[in-house]
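Fold and geometry: a report
So the chains spell out like this:
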Amino acid sequence: MAEEQTPPAGPDLTKGVASADFNGATLLGHVGDQDVLLVRSGSEIFAIDAHCSHYHGPLADGLVVGHSIRCPWHHACFDLRTGEA
Ligand code: FES
């Protein structure tokens, strides 16, 4: 049985994003076929893999605190600056 491909999420981030379209803490988009999450932390914006490295949890639904994001499924925490768990 062939695995069904899901289309990439959100806007194509290689084309840029208007600041008016990014008014929350996160914005889910894609680069090629890779889902990418933009995360605002203070005056900085980070681009990270949209899925948790544990069981692929949706980091777009995660909690942003300072320079970290916490996965909503099992609460793994990732540094936005380094990606380190
Ligand atoms: S899927 Fe993210 S902590 Fe388990």
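So, a few notes on the structure that sits alongside this text.

1. Comments concerning the overall build of the protein chain
A tally of regular secondary structure across the protein chain gives zero helices and six strands. Along its sequence from the N terminus, the protein chain presents helices and strands in the succession β-β-β-β-β-β. By the compact-globule yardstick of 12 Å for 85 residues, the protein chain fits well, its C-alpha radius of gyration being 13 Å. Along the first, second and third principal axes, the C-alpha atoms of the protein chain reach 45 × 30 × 20 Å. For the protein chain, with 85 residues in total, the buried portion stands at 28%. By sequence separation, contacts in the protein chain at least 24 residues apart represent 16% of the contacts at least 6 residues apart. Accessible surface, the protein chain as shown: approximately 5,800 Å² in total, 53% of it carbon and sulfur. Between the mean site of the 4 positive side-chain charges and the mean site of the 11 negative ones, the protein chain shows a separation of 10 Å.

2. Some details on the pairing of strand E1 (residues 26-31)
The pairing of E1 with strand E2 (residues 34-41) spans six bridges and is classified as antiparallel. By the bridge assignment for E2, His30 is matched with Asp35. Between E1 and E2, which pair antiparallel one after the other, the connecting turn spans two residues, and Gly32 there sits at a positive phi close to 65 degrees.

3. Structural notes on the layout of surface pockets
Counted as a void, the largest pocket has a volume near 180 Å³. For the largest pocket, the full set of lining residues is Gln5, Thr6, Pro7, Pro8, Asp33, Gln34, Asp35, His51 and His56.

4. What to know about the sheet that holds strand E3 (residues 44-49)
Sheet architecture is open: three strands sit in the order E1-E2-E3, paired in antiparallel fashion. In the strand order of this sheet, the two ends are held by E1 and E3, each with one partner. Between one strand and the next, the sheet's axes are offset by a mean angle of 30 degrees, whatever the strand orientation.

5. Observations regarding the packing of aromatic side chains
Here the structure, examined in full by the defined rule, presents zero aromatic pairs. Note that Arg40 overlies the ring of Phe22, its terminal NZ or CZ placed 4.3 Å from the centroid.

Thresholds, definitions, all that
- Residues numbered from 1 in each chain as written.
- Predicted model: local features only at pLDDT ≥ 70, side-chain atom pairs only at ≥ 80, totals over all residues.
- Heavy atoms only, no water.
- Helix = DSSP H or I, 4+ residues; strand = E, 2+ residues; numbered from the N terminus.
- Rg over C-alpha atoms; globule rule 2.2 N^0.38 Å.
- Buried < 20%, exposed > 50% of the residue type's maximum accessible area, 1.4 Å probe, protein only.
- Contact = heavy atoms within 4.5 Å.
- Areas by Shrake-Rupley, 256 points an atom, 1.4 Å probe, with all protein chains shown as cover.
- Lys, Arg positive; Asp, Glu negative; His and termini not counted.
- Charge placed at Lys NZ, Arg CZ, Asp CG, Glu CD.
- Pairing = 2+ DSSP bridges.
- 1 Å grid on protein atoms, 1.4 Å probe; cavity = no way out; pocket = protein on both sides within 12 Å on 5 of 7 lines; lining within 4 Å.
- Points joined across faces, edges and corners; volume = space filled by probe spheres on them.
- Axes fitted to C-alpha atoms, helices over the stretch in contact; angles between N-to-C directions.
- Phe/Tyr/Trp six-rings, centres within 6.5 Å; stacked < 30°, edge-to-face > 60°.
- Lys NZ or Arg CZ within 6 Å of the ring centre and 35° of its normal.

None of this, on its own, says anything about what the molecule does.
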